[in-house]
Structures are given as structure tokens and as C-alpha cells.
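Structure assessment
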Amino acid sequence: VCAARSYTQLMRNRARRDAVMFVALWCGVVASAGISDYHLYKGFDVGRLVSRIALRSCLEGTLAGIILASAFAMVLVCHSLGIMIDVFCFDVASCMDLSGITNFWNMTQAILRKVSDSIEICMLVLCIVVMFAIPMVVLDLGVLGIRGFAMLSMLPGGFVSTGVLYMLFVASSVS
């Protein structure tokens, strides 16, 4: 019971840390998109400038929010799978009767297979999104040129890519 509480607390701490990280990434996307757009549309009149920045920042923030929320959900699932394996290993180390462990391992392995089968499409889609987002950032730089404010246009894609790459690192730690 004590080990289960510590694993529950570990999961809560990881979830809080990751939630703060993904919210910070999303805020970075929205802020950098707004600042980048401000510099991009600086020559327009104020009414058009505000509406363009608001519209583009909202669209970019919404898309980035969907991608980062999906990556966050995948991170939580992968942390849960890792803790499930840790609980099994703890039970093996603390239990002297290995006959019952075989059934527990078969159940654990079946759950791991079922969950990984369910989340693989989402992981693939997120990886494909990032794979296409990086060339778009390079294309954006090619169109805008390499100036001070043009480098800001790389930040939203970089923040989203960071979130998805973190998801891949957490997923690879489940073994």
C-alpha cells in the first residue's frame, strides 16, 4: 500500500511538472506569434494590425494548443505505463512467491500491448506534424529573410517541436 501511494504521488508530481511545461510552451507559441506578427505587419494601420495579429495568434495558438494537448496526453499515458512497469518490478523484488508473478506479468504485458496499440496512431500523426512543421519554418525564413524579427517566426514551430520531442523521449523511456 505504501509503494502504491509513492507511485501515485510520483505520477501526480510528473503530471504537474509536465502540465506546467506544456502550458509554458503554449504561452511561448502565442506570445512569439504575436510579437513576430507585430514586427511583420508594422507598416499597416493600427486597426488592421490589431485584427491581423489577433486572428493569426488565435489560429496559431489554437493549432499549437491542440498539438501540445495531444502530446501532453501522450506523455501522461507513457508515464503511467512506465509506472506500471515499475510497480511490477517492485512486486517481483518484494515477493518471494514467483508463481503468481507470471500471471501478473501476462496481465501487465497485455495492458501494455493494448495501450501501445491504441496510441501509436496519435504518436505517428504528431511526429508527422512536426516533420512537416520544420520545413515550413525554414520556408518562412526563406520568404521573410534572416532579419531580427524573422527569427522570431521560428519560435512557435520550435516550441511545438520541443513538446512533441519531449513526448517521444518519454515514450522511449517506457521499457
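Residues numbered from 1 in each chain as written. Predicted model: local features only at pLDDT ≥ 70, side-chain atom pairs only at ≥ 80, totals over all residues. Heavy atoms only, no water.

Another point: the overall build of the protein. Scanning the protein from N- to C-terminus turns up 4 helices and 0 strands. Helices and strands appear in the protein in the N-to-C order α-α-α-α. Counting every position in the protein, which comprises 175 residues, the buried fraction comes to 30%. Counting only contacts in the protein whose residues sit at least 6 apart along the sequence, the fraction spanning at least 24 positions is 77%. Surface summary for the protein: the accessible area is close to 10,500 Å², and the carbon and sulfur share equals 73%. (Helix = DSSP H or I, 4+ residues; strand = E, 2+ residues; numbered from the N terminus. Buried < 20%, exposed > 50% of the residue type's maximum accessible area, 1.4 Å probe, protein only. Contact = heavy atoms within 4.5 Å. Areas by Shrake-Rupley, 256 points an atom, 1.4 Å probe, with all protein chains shown as cover.)

Moving on, we get to helix α4 (residues 155-172). The terminal C-alpha atoms of α4 lie 25 Å apart, and with 18 residues this matches the ideal 26 Å at 1.5 Å per residue to within 8%. Those residues of α4 lying buried are Pro156, Gly157, Val160, Ser161, Gly163, Val164, Met167 and Val170. (Expected span 1.5 Å × (residues − 1).)

Okay, the pattern of salt bridges next. Tallied over the full model, the rule gives 1 salt bridge. For the salt bridge of Asp18 with Arg17, the shortest nitrogen-to-oxygen distance reads 3.3 Å. A relative accessible area of 45% means that Arg17 is categorised as partly exposed. (Salt bridge = Lys/Arg side-chain N within 4 Å of Asp/Glu carboxyl O.)

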